[in-house]
Amino acid sequence: MKILAVDDERDNVELLCQILEDDYEIITAYNGADCIKLAKEQHPDIIILDVMMPEMDGYEVLKRLLEDESTREIPVIFLTARYKDTDRIVKGLESGAFDYITKPINDEVLLAKVNTAARIKKAEDEVKRQKAELEKAQEELILKERLAALGQLIATVSHEIRNPLGTVQNAVFSIGEAVKHNNTDLIDSSLKLAERNIKRCDRIINELLDFTRIQKIELEKVEIDSWLGGLLDEYELPENIECVRDLHSGIDLQIDREYLRRAINNVVTNAVQAIQDENSNGNQLNVKSVANGERLELHFIDNGPGIPEEILEKIFEPLFSTKGFGVGLGMPVIKDIMEEHKGGVEIKSKAGQGTTVILWLPIQ
Amino acid sequence: MKNPICIFIVDDDHDFAKSMADIMELHGYDVQTAHSGEEAVSKFRDQDFDVTFMDVKMPGKNGVESFLEIRKLKPDAKVVMITAYSVEQLLEKAIRSGACGILHKPFDMEKATKMIEKLRGRNGSIKNNIK
């Protein structure tokens, strides 16, 4: 370990060297300015610092050492001539000195105090090193988890896309054969299969892109009721589903049309799928816009089979999906979009009792 | 008249199962489909199939679990695993237990029909030729 010994009287410095040089490497300085310079350049482990020096006294030197990040942590042992002067001693300790030694210097006391300071400095350095290692390990763990999640995502997406691709490949083959034999029924049904599954691939890719891409939203002022009405008009709902609207909130809001459209798209698609599910007796989608205190709420209520509690708990986790297709990114994407707008999404559901999804935005 | 060959397609993706069934029918085979492992096992109790194509990844009972159950019911059952994403260990398990082969989606249906031809007419013990 390295000790910086500082005293304006050379004899004192010589004495310190004699006492300590067997056990430590010693560097020396004879004034405050040199002390600070050497401390920055050589990174001593301990500084033994005389208090009474002309130009810059020990307190001033200590103050400067403490101000600098690179020298702040070095324990400083004051050399003070007046041991009866407790005020000075207290001042020294309070100002950040590690310890003090009175002159004339007693070698045993000096060595003991220096050894103690050295042990403590070693322990502190060890703690710092372990902390840095721990932080590095944590970063690596987080990175690994992200890569694992990414790997999982890629696997899921690959699987999800390969299925519809396989279907399209088969359908195309069937169409080829059907044309040879003029089998128009088979041509029709195969074309439908192909078209539906091509759209499926596109949807999966969109889900994936949405998930990775939500960044900047561009706001414009929109009359929510008429805008939402227009969106609902565009959807081709299956014939057996009735859409009942109650859009009378009267609110205008700043929204990103495209992102919010995607979110609503997702919600409506989920509702329709739920109603179409084989376990469902549902036939209705209720869409309502309502100003509720400081929130504008868009309610999407379906009378499908509802969502059991154990699934509801996980529904916002990325990659969680109970459906046969779809990569389980819909709900987390909706949540992201709403939170970008400083709003949120809530789901209320009970198995057997349908589901209500509320998209809400703050009324500005 | 020879009994038509009966093919069983098990896949939770309804569209994929239908598209595969269409082609099988074009080749003159009789086809049945199931959309879950449970349904597949249940159907196997009541009837026999010449060749079964079983998707691996299905919600609920997966294809390999279902295959193992079916083997208990009908040790001679000829089952080909089909998969869109290979979970290596699962597939190895199926092969070790006697699955007749693996097809990776999307596959050329010719591969499937070639497999049927190869497996056709074999009865008794099933030799696994696919490494």
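Just above sits the structure.
So, how was this worked out
- Residues numbered from 1 in each chain as written.
- Chains lettered and ligands numbered in written order.
- Predicted model: local features only at pLDDT ≥ 70, side-chain atom pairs only at ≥ 80, totals over all residues.
- Helix = DSSP H or I, 4+ residues; strand = E, 2+ residues; numbered from the N terminus.
- Buried ≥ 20, exposed ≤ 12 C-beta atoms within 10 Å, placed from the backbone.
- Contact = placed C-beta atoms within 7 Å.
- Pairing = 2+ DSSP bridges.
- Right-handed = clockwise from strand over helix to strand, strands pointing away.
- Arc of directions from axis to C-beta.
- Nonpolar A, V, L, I, M, F, W, Y, C, P; charged D, E, K, R; others polar.
- Axes fitted to C-alpha atoms, helices over the stretch in contact; angles between N-to-C directions.
- Core = buried A, V, L, I, M, F, W, Y, C linked by C-beta atoms within 7 Å.

A short note on the overall build of chain A
Turning to step 1, where the next piece is worked out: Looking only at helices and strands, chain A features ten helices and twelve strands.
Turning to step 2, where the next piece is worked out: Per-residue burial over chain A gives 30% buried out of 364 residues.
Turning to step 3, where the next piece is worked out: Considering only residue pairs separated by 6 or more positions, chain A has 64% of its internal contacts joining residues 24 or more positions apart.

Describing the pairing of strand 1 (residues 6-10) of chain B
Residue and element names in this part refer to chain B.
Turning to step 1, where the next piece is worked out: Counting buried residues in strand 1 gives four out of five residues, a clear majority hidden from the surface.
Turning to step 2, where the next piece is worked out: As paired strands, strand 1 and strand 2 (residues 30-34) are joined by five bridges and run parallel to one another. Bridging across to strand 2, Phe8 finds its partner in Gln32.
Turning to step 3, where the next piece is worked out: Handedness of the crossover joining strand 1 and strand 2 through helix 1 (residues 14-26) is recorded here as right-handed.
Turning to step 4, where the next piece is worked out: Across four bridges, strand 1 lies against strand 3 (residues 51-55) in parallel orientation. Each bridged residue has a counterpart across the sheet, and for Phe8 the counterpart in strand 3 is Thr52.

Some points on helix 2 (residues 37-46) of chain B
Residues and elements named next belong to chain B.
Turning to step 1, where the next piece is worked out: Taken as a whole, helix 2 has its buried residues at Gly37, Ala40, Val41 and Phe44. Viewed end-on, helix 2 has its buried residues packed into an arc of 95°, placing them on one side of the element. Along helix 2, the residues that are exposed and aim more than 90 degrees away from the buried face are Ser42, Arg45 and Asp46.
Turning to step 2, where the next piece is worked out: Structurally, helix 2 contributes buried residues whose contacts are with strand 1, strand 2, strand 3 and helix 3 (63-73).

Notes on the pairing of strand 3 (residues 46-50) of chain A
Residue and element names in this part refer to chain A.
Turning to step 1, where the next piece is worked out: Within strand 3, five of the five residues are buried, which leaves the element mostly enclosed by the surrounding structure.
Turning to step 2, where the next piece is worked out: Residues of strand 3 alternate between two faces, with Ile46, Ile48 and Asp50 on one and Ile47 and Leu49 on the opposite face, all of them buried.
Turning to step 3, where the next piece is worked out: Bridging between strand 1 (residues 2-6) and strand 3 involves four bridges; their strand directions are parallel. When the bridges of strand 3 are listed, Val6 appears paired with Leu49.
Turning to step 4, where the next piece is worked out: Relative to strand 4 (residues 76-80), strand 3 is paired through four bridges, and the arrangement is parallel. Paired with Leu49 across the bridge in strand 4 is Phe78.

Some remarks on the environment of A:Thr269
Residues and elements named next belong to chain A.
Turning to step 1, where the next piece is worked out: Its place among the elements puts Thr269 in helix 8 (residues 257-276).
Turning to step 2, where the next piece is worked out: Taking the C-beta count within 10 Å as the criterion, Thr269 has 14 such neighbours and is therefore assigned partly exposed.
Turning to step 3, where the next piece is worked out: Taking C-alpha positions, Thr269 is 9.5 Å from Tyr235, a pair spaced 34 residues apart along the chain.

Topic: the interface of chain B and chain A
Turning to step 1, where the next piece is worked out: Listed by partner, the interface residues are 18 residues for chain B and 22 residues for chain A.
Turning to step 2, where the next piece is worked out: Per-element accounting of the side of chain B that touches chain A gives the leading share, eight residues, to helix 1 of chain B.
Turning to step 3, where the next piece is worked out: Here the side of chain B that touches chain A is built from residues that sort into ten nonpolar, one polar and seven charged.

Here's the deal with unusual backbone geometry
Turning to step 1, where the next piece is worked out: Residue A:Pro104 is reached from A:Lys103 by a cis peptide bond, and omega for that bond is 0°.
Turning to step 2, where the next piece is worked out: Within the secondary structure, A:Pro104 sits in the loop between strand 5 (99-102) and helix 5 (107-180).
Turning to step 3, where the next piece is worked out: Residue B:Pro106 is reached from B:Lys105 by a cis peptide bond, and omega for that bond is -10°.
Turning to step 4, where the next piece is worked out: One can find B:Pro106 in the loop between strand 5 (101-104) and helix 5 (109-119).
Turning to step 5, where the next piece is worked out: With phi around 65°, A:Lys342 is a residue other than glycine that occupies positive phi space.
Turning to step 6, where the next piece is worked out: Locating A:Lys342 in the fold gives a position in the loop between helix 10 (330-340) and strand 11 (344-349).

A closer look at the sheet that holds strand 12 (residues 355-362) of chain A
All names here are of chain A.
Turning to step 1, where the next piece is worked out: Strands sit in the order 7-9-10-12-11 across an open sheet of five strands; the sheet is mixed. Edge positions in the sheet fall to strand 7 (242-247) and strand 11, since each has one partner strand and no second. For this sheet, the mean angle separating the axes of adjacent strands, direction not counted, is 15°.
Turning to step 2, where the next piece is worked out: Bridging between strand 9 (residues 284-292) and strand 10 (residues 295-302) involves eight bridges; their strand directions are antiparallel. Each residue of the ladder has a partner; that of Val287, found in strand 10, is Phe300.
Turning to step 3, where the next piece is worked out: Where helix 7 (residues 224-234) meets the sheet, it contacts strand 7, strand 9 and strand 10, and its direction lies at approximately 170° from that of strand 7.
Turning to step 4, where the next piece is worked out: Across the sheet, helix 10 touches strand 11 and strand 12, and the angle it forms with strand 11 is around 135°.

Quick word on helix 3 (residues 58-67) of chain A
Since there are 3.6 residues in each turn of an α-helix, residues three or four apart along the chain are aligned in direction.
Residue and element names in this part refer to chain A.
Turning to step 1, where the next piece is worked out: Inspection of helix 3 places Gly58, Val61, Leu62 and Leu65 among the buried residues, and these make up the whole buried set. One side of helix 3 holds all its buried residues, which, seen down the axis, span an arc of 100°.
Turning to step 2, where the next piece is worked out: Buried residues along helix 3 sit against helix 2 (32-42), strand 3 and strand 4.

Concerning the nonpolar core
Turning to step 1, where the next piece is worked out: In terms of nonpolar packing, the biggest core is built from 33 residues, with B:Ile9, B:Met54, B:Val79, B:Val80 and B:Met81 touching the most fellow members.
Turning to step 2, where the next piece is worked out: Taken together, the elements giving at least two residues each to this core come down to strand 1, helix 1, strand 2, helix 2, strand 3, helix 3, strand 4 (79-83) and helix 5 of chain B.
Turning to step 3, where the next piece is worked out: Ranked by the residues each element gives to this core, the list is headed by helix 1 of chain B, at six residues.
Turning to step 4, where the next piece is worked out: In contact with B:Ile9, not counting residues within four places along its chain, are B:Ala17, B:Met20, B:Ala21, B:Val31, B:Thr33 and B:Phe53.
Turning to step 5, where the next piece is worked out: By size, the runner-up hydrophobic cluster in this structure holds 29 residues, among which are A:Ile224, A:Ile255, A:Ile334 and A:Ile358.

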